[in-house]
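Secondary and tertiary structure notes
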Amino acid sequence: MTTNLVEINNLTFNREERCIYNNISLSIPKGKVTAIMGPSGIGKTTLLRLMGGQLKPSKGEILFAGHDIPKLSRTALYEIRKRMSMLFQSGALFTDMSVYENVAFPIREHSKLPESIIEKMVMMKLEVVGLRGAMHLKPSELSGGMARRAALARAIALDPELIMYDEPFAGQDPISMGVIVRLIRDLNDALGLTSVVVSHDVPEVMSIADYIYIIADEKIIGQGTPEQIYAQESPLVQQFIKGEHDGPVAFHYPATDYKSELMGEGS
Amino acid sequence: MSKKIELMVGLFVALGIAAFLALAIKVADAGIQGNGESYQLHAKFDNIGGLKVRSAVKVGGVVVGRISSIRLDSEDYTPIVTLDIFTKYDNFSETTSLSILTAGLLGEQYIGLDPGFMDEELGIEILQPGDYIEDTKPAIVLEELIGQFLFSQDSDN
Amino acid sequence: MLEKIQGLGQLSISILGGLGRAVLILLSAIAHLPNFRKGFPLFVGQLYAIGVLSLIIIMVSGTFIGMVLALQGYTVLVDYGAEGSLGPMVALSLLRELGPVVTALLFAGRAGSALTAEIGLMKATEQLSSLEMMAVDPLRRVIAPRFWAGFFSMPLLAAIFSILGIFGAHLVGVEWLGVDRGTFWSVMQADVDLRDIINGTIKSLAFAFVVTWIAVYKGYNCIPTSEGISRATTSSVVQASLMVLGLDFILTAIMFT
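Conventions used here
- Residues numbered from 1 in each chain as written.
- Chains lettered and ligands numbered in written order.
- Predicted model: local features only at pLDDT ≥ 70, side-chain atom pairs only at ≥ 80, totals over all residues.
- Heavy atoms only, no water.
- Helix = DSSP H or I, 4+ residues; strand = E, 2+ residues; numbered from the N terminus.
- Rg over C-alpha atoms; globule rule 2.2 N^0.38 Å.
- Buried < 20%, exposed > 50% of the residue type's maximum accessible area, 1.4 Å probe, protein only.
- Contact = heavy atoms within 4.5 Å.
- Areas by Shrake-Rupley, 256 points an atom, 1.4 Å probe, with all protein chains shown as cover.
- Salt bridge = Lys/Arg side-chain N within 4 Å of Asp/Glu carboxyl O.
- Patch = residues over 30% accessible without salt bridge, like charges linked within 9 Å, V, L, I, M, F, W, Y side chains within 5 Å.
- Domains from an automatic or database assignment.
- Buried area = accessible area lost by both parts, 1.4 Å probe.
- Polar contact = N/O pair within 3.5 Å; in protein donor to acceptor, adjacent residues only side chain to side chain.
- Pairing = 2+ DSSP bridges.
- Core = buried A, V, L, I, M, F, W, Y, C linked by side-chain atoms within 4.5 Å.
- Nonpolar A, V, L, I, M, F, W, Y, C, P; charged D, E, K, R; others polar.
- Axes fitted to C-alpha atoms, helices over the stretch in contact; angles between N-to-C directions.
- Left-handed = near helix turned anticlockwise from the far one by under 90°.

Of regular secondary structure, chain A possesses 10 helices and 10 strands. In summary, chain A has a C-alpha radius of gyration of 20 Å against a globular reference of 18 Å for 267 residues, a match within 12%. Seen along its three principal axes, the alpha-carbon backbone of chain A occupies a region of about 70 × 40 × 40 Å. Within chain A, the fraction of its 267 residues that count as buried is 49%. Excluding contacts between residues fewer than 6 apart, the proportion of contacts in chain A whose partners are at least 24 apart in sequence is 61%. For chain A, the computed accessible surface area is about 13100 Å², with 54% contributed by carbon and sulfur atoms.

Have a look at this one:
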């Protein structure tokens, strides 16, 4: 059994009055790609934000390398965040800087390295994602897939231990999807990273994840390696991975009785 | 950070500071007169008209001080005006008289100071800080002036 | 009835909550004095975006308002033969009121709205979040330099506004309408006090504080959608303008009575 970089124990999280997570526990093993899947709108991104300390849970603990994230002081939290990194769905590149400046940004912020070394580091990161030729472009001149790769180069600029991907495959054409799938796997293995991928794209996740959690209805409804997930009998899991339109997760948003509302008899 | 931006910002700051200096020197005329050292004199008036705190005290049109406070005597209810006179004008005699004048027809009111004469044999000395100036003429109130005019017209007929 | 009371309660809580968040943002922006090596270039960059880019509108409006004041003042004063007082009238109106107030209003429209929209868009595109995740405090990196640049720019802009206004009045009053040049300046110099300039600058600093504070708060606290940003921008300008006018009354009452 490998050690776990992140452990989440008995986590409960409410947003205003709506319950997002009800007493869930999961662990992210070191050096592996762990995927968190589930239908849209169940707060997968929220889970990443909780792990990054941007949100505070109502109950439970989130351990990152032994530190309980919600209980850390502001300074300690900022210190811990230097060891993790997050790839946002939109890329979140700084629009007023070139690709090169974007990647150099975290290095400049957190180190006092001379410019010549920063330049070499940025070149290496850009080479990994294949954008060395695009380094003088502005984010507005990049395609969606390129922007995400540039953001990935920025995310790995400081060689973090943990990298969190928020919907890395959403809205990508098949080619850039393939590029990103390969990048996530290669970076994980080559740099010895620990990766967390939040996504609802079943085939891509199945192809790269070492371990998968499926979340729905405030709880974890299934977990295991891709093979174990395929073999699960839970109808909810089956509906999700096969993409059936109706099942335990209903097609209809909870509503009053259709007939009576149409006839104007509803309250 | 490009050179152009730094240059523009430098120009902007220089322009702003220049504007401040221009305001201070050209518009407020600070430094030449300023609010330097001053000493206080008091005076009782029957009526101060439209006199205000910070109104000017002038000798022959030259500003020699400003009014620092106006209050009412608690016993006989006449206004007491305190004047801040610049220290460089420090030898007004005791016969100095004050009158409340108006700059132009509708301008601000100010105190005109008439230095009077000095005669040590008669025991007339220089005003010391804190002294009262005895000889004061009240402000002219337009209504009273018109009243007097009408009255004298009546008596003429 | 009960619902109305509940609504009132909800409103008060949300207003108080907003005020609390605004104060927190302000405190962290002020308390986190940016470290000089990294902070100063950011401050200079914002000085450009906020100050230099507002310069044109301030200079043009200052000159024209001075010219209009001279024209209007002259037609009234000349009836009483008091056109000699044109200088102090224009200078005092500009230094005490119009300089600080009009600069603040123009600033709210020109720079404040841009600040709100920029910060709001940074929030909507997750740039603020991503700064946080990169262990860079967005309050220090994004908010603080903008706040200080606004605070620093406004008094400079107001002084430029006033001096150009007086210049414009000189142009119309002396060069065009024929007020005596000597009278214009000497009466102005006799009536304007250094205290007027200091009070005007204090006003300007107070307005700078309020306008930039509202602008950065509205941006930082906006709902990160296109509609949310547009609303935040509008309310930033509206609230800043109202606050400036209200504050001006209070400051005038304290300073000039």
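Now, onward.
A separate point is the pattern of salt bridges. Counted by the stated rule, this structure contains 22 salt bridges over all chains. Asp68 of chain A is the salt-bridge partner of Lys71 of chain A, the closest N and O atoms lying 3.0 Å from each other. Assessed through its relative accessible area of 13%, Asp68 of chain A is described here as buried. Among the salt bridges present, the one from Asp248 of chain C reaches Lys203 of chain C, with a minimum N-O distance of 2.8 Å. Pair noted here: Asp248 of chain C is in helix α9 (residues 226–255) and Lys203 of chain C is in helix α8 (residues 194–220), with a separation of 45 residues, a long-range link.

With that settled, consider the arrangement of the chains. Out of two pairs of chains that touch, the pair holding the most contacts is chains B and C. For chain A and chain B, which are not in contact, the least C-alpha distance works out to 11 Å.

Attention now moves to a nonpolar patch on the surface. Together, Ile140, Leu142, Leu145, Ile146, Phe149 and Leu150 of chain B make up an exposed nonpolar region whose accessible area comes to about 630 Å². Mapping Leu150 of chain B onto the fold places it in helix α2 (residues 142–156).

Domain annotation for chain B reports domain 1 (1–33) and domain 2 (35–156). Here the C-alpha centroids of domain 1 of chain B and domain 2 of chain B sit 41 Å apart.

Below, the discussion takes up the interface of chain C and chain B. Counting from both sides, the interface comprises 32 residues of chain C and, opposite them, 26 residues of chain B. Of the roughly 2400 Å² buried at the junction of chain C and chain B (both faces included), carbon and sulfur atoms supply 79%. Among the residues chain C hides against chain B, the three largest losses belong to Tyr48, Leu156 and Gln189 of chain C. Together they make up 23% of the total. Applying the counting criterion to the chain C and chain B interface returns zero salt bridges. Put simply, chain C and chain B have zero residue pairs in polar contact (both at pLDDT 80 or more) between them. The dominant element in the side of chain C that touches chain B, judged by the number of residues it contributes, is helix α6 (residues 138–176) of chain C, at 10 residues.

Next up on the list: the sheet that holds strand β8 (residues 135–137) of chain B. Two pairing modes exist for strands in a sheet, parallel and antiparallel, and in both the strands are linked by backbone hydrogen bonds. Residue and element names in this part refer to chain B. Here eight strands make up an open sheet; going across it, the order is β7-β1-β4-β3-β2-β6-β5-β8 and the pairing mixed. Looking at strand neighbours, the two that pair on one side only are β7 (132–133) and β8, the edges of this open sheet. As paired elements, strand β1 (residues 38–44) and β7 share two bridges and run parallel to each other. Within β7, the position partnered with Ala43 by the bridge is Ile133.

Right, let's get into the environment of Lys125 of chain A. All names here are of chain A. Secondary-structure assignment places Lys125 in helix α4 (residues 115–129). Classification of Lys125 as buried rests on a relative accessible area of 10%. The spatial distance from the C-alpha of Lys125 to the C-alpha of Ala150 is 9.1 Å, given a sequence separation of 25 residues. With residues up to four places along the chain from it excluded, the contact list for Lys125 reads Val103, Ala153, Ile156, Ala157 and Asp159.

For the rest of this paragraph, the subject is the nonpolar core. If you look at the biggest cluster of nonpolar residues, it comprises 80 residues, and the most contacted ones within it are Val27 of chain B together with Ile143 of chain C. Listed in part, the 48 residues of the second largest apolar core include Tyr100, Ile118, Leu187 and Val202 of chain A.

A word on the interface of chain A and chain C. Counting from both sides, the interface comprises 25 residues of chain A and, opposite them, 18 residues of chain C. Here chain A meets chain C over a buried area of about 1900 Å², counting both sides, of which 54% is carbon and sulfur. Per-residue buried area on chain A facing chain C is highest for Tyr78, Phe94 and Glu109 of chain A; these three make up 26% of the total on that side. Applying the counting criterion to the chain A and chain C interface returns four salt bridges. Among the salt bridges present, the one from Glu126 of chain C reaches Arg49 of chain A, with a minimum N-O distance of 3.5 Å. Counting the contacts that link chain A with chain C gives 10 residue pairs in polar contact (both at pLDDT 80 or more). Elements supplying a minimum of two residues to the side of chain A that touches chain C: α2 (74–81), β6 (84–87) and α3 (99–110) of chain A. A per-element tally of the side of chain A that touches chain C places α3 of chain A first, with five residues. Of the residues belonging to the side of chain A that touches chain C, the class tally is 11 nonpolar, six polar and eight charged.

We now examine the packing of helix α3 (residues 55–77) of chain C against α6 of chain C. Residues and elements named next belong to chain C. Relative to each other, α3 and α6 sit at 40°, their axes nearing to 7 Å. Viewed along their axes, α3 and α6 form a crossing whose handedness is right-handed. Across the interface between the two elements, Leu55, Ile58, Met59, Ser61, Gly62, Thr63, Ile65, Gly66, Met67, Ala70 and Leu71 of α3 pack against Leu157, Ile160, Phe161, Leu164, Gly165, Gly168, Ala169, Val172, Gly173 and Trp176 of α6. Class assignment for the residues of the contact of α3 with α6 results in 14 nonpolar, seven polar and no charged.

As a further point, take the pairing of strand β4 (residues 79–86) of chain B. A regular strand places its side chains on the two faces of the sheet in alternate fashion. All names here are of chain B. Where burial is concerned, most of β4 is hidden: seven out of the eight residues are buried. Direction of pairing for β1 relative to β4: antiparallel, over a ladder of seven bridges. Counterpart to Tyr39 in the pairing with β4 is Ile85. Where strand β3 (residues 62–72) lies against β4, seven bridges are found, and the strand directions are antiparallel. Bridge pairing in β4 links Arg66 to Asp84. Counted along the chain from β3 to the antiparallel partner β4, the turn is six residues long, and its residue Tyr77 has a positive phi close to 55°.

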